[in-house]
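Analysis of the macromolecular model
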Amino acid sequence: MELKDLYRDVILDHNRRPRNFGRLEPADAVAEGNNPLCGDRLSVYLRLDGDRVTDVRFEGKGCAISTASASLMTEAVKGKDRSAIAELFERIHALLTQHDAPVDPELGKLAALSGVREYPARVKCASLCWHTLNAALERSAAVVSTE
Ligand code: ZN
């Protein structure tokens, strides 16, 4: 099987059966994202323990790329802390925007998003969930616990 076909299968699978789909209540942070170019809308819900994301879910309506990207993202960031997520975000950004860069093998299933590089108009579909996650993390940073 060609790598391209494998990537396509990962996207199709995560679009058809999105992982961690639905609301998280109560959530420690929520953010909404909107990509008017395509009509993708989604909300990202987080549960945090200190700097670590212990649970993450998303819901919304969007194209196959935006849904699959959000599904893959939730699997990738669950259990990670803020700095690991920031580092992953940098890698994803590079994956989506640097046309000729080699695909980082450490990205695992997220590498499937590299197919989007061929279609610049779809980059926003794939990155929407990541920007929304960042917004949720920034919002939660303002929450101070006295425990
Ligand atoms: Zn889209």
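Use the structure listed above.
Residues numbered from 1 in each chain as written. Predicted model: local features only at pLDDT ≥ 70, side-chain atom pairs only at ≥ 80, totals over all residues. Heavy atoms only, no water.

**Examining the coordination of the zinc ion**
Donor atoms from the polypeptide that coordinate the zinc ion comprise Cys38 (SG), Asp40 (OD), Asp40 (OD), Cys63 (SG) and Cys125 (SG), at 2.2 to 2.7 Å from the metal. Taken in chain order, the donor set of the zinc ion reads C-x1-D-x22-C-x61-C. Taken as a pair, Asp40 in strand β2 (residues 40-49) and Cys63 in the loop between β3 (52-61) and α2 (64-77) lie far apart in primary sequence, 23 residues in all. Like Asp40, the residue Cys63 is buried in the burial classification. (Donors = N, O, S within 2.8 Å, 3.2 Å for Na, K, Ca; no water. Helix = DSSP H or I, 4+ residues; strand = E, 2+ residues; numbered from the N terminus. Buried < 20%, exposed > 50% of the residue type's maximum accessible area, 1.4 Å probe, protein only.)

**Describing the packing of helix α3 (residues 82-97) against helix α4 (residues 123-141)**
Where α3 meets α4, the axes come as close as 11 Å, and the angle between the chain directions of the two elements is 160°. Looking at the two axes, α3 sits roughly antiparallel to α4. You can see that α3 and α4 cross each other, and the crossing is left-handed. Residues Arg82, Ile85, Leu88, Phe89, Ile92, Leu96 and Thr97 of α3 lie in contact with α4, whose contacting residues are Val123, Ala126, Ser127, Trp130, His131, Leu133, Asn134, Leu137, Ser140 and Ala141. Residues that form the contact of α3 with α4 fall into these classes: 11 nonpolar, five polar and one charged. (Axes fitted to C-alpha atoms, helices over the stretch in contact; angles between N-to-C directions. Parallel < 35°, antiparallel > 145°, perpendicular 65-115°, else oblique. Left-handed = near helix turned anticlockwise from the far one by under 90°. Contact = heavy atoms within 4.5 Å. Nonpolar A, V, L, I, M, F, W, Y, C, P; charged D, E, K, R; others polar.)

**Observations concerning the environment of Ile65**
Relative to the helices and strands, Ile65 resides in helix α2. Judged by relative accessible area, Ile65 falls into the buried class, the value being 16%. For the pair Ile65 and Glu106, spaced 41 residues apart in sequence, the C-alpha separation works out to 21 Å. Once residues within four sequence positions are removed from consideration, Ile65 is found in contact with Ile11, Val116, Arg122, Cys125 and Ala126.

**As for unusual backbone geometry**
Residue Pro26 is bonded to the preceding Glu25 through a cis peptide linkage, with omega at 0°. With respect to the helices and strands, Pro26 occurs in the loop between α1 (3-16) and β1 (29-35). Even without a glycine there, the phi angle at Asn20 is positive, about 55°. Within the secondary structure, Asn20 is located in the loop between α1 and β1.

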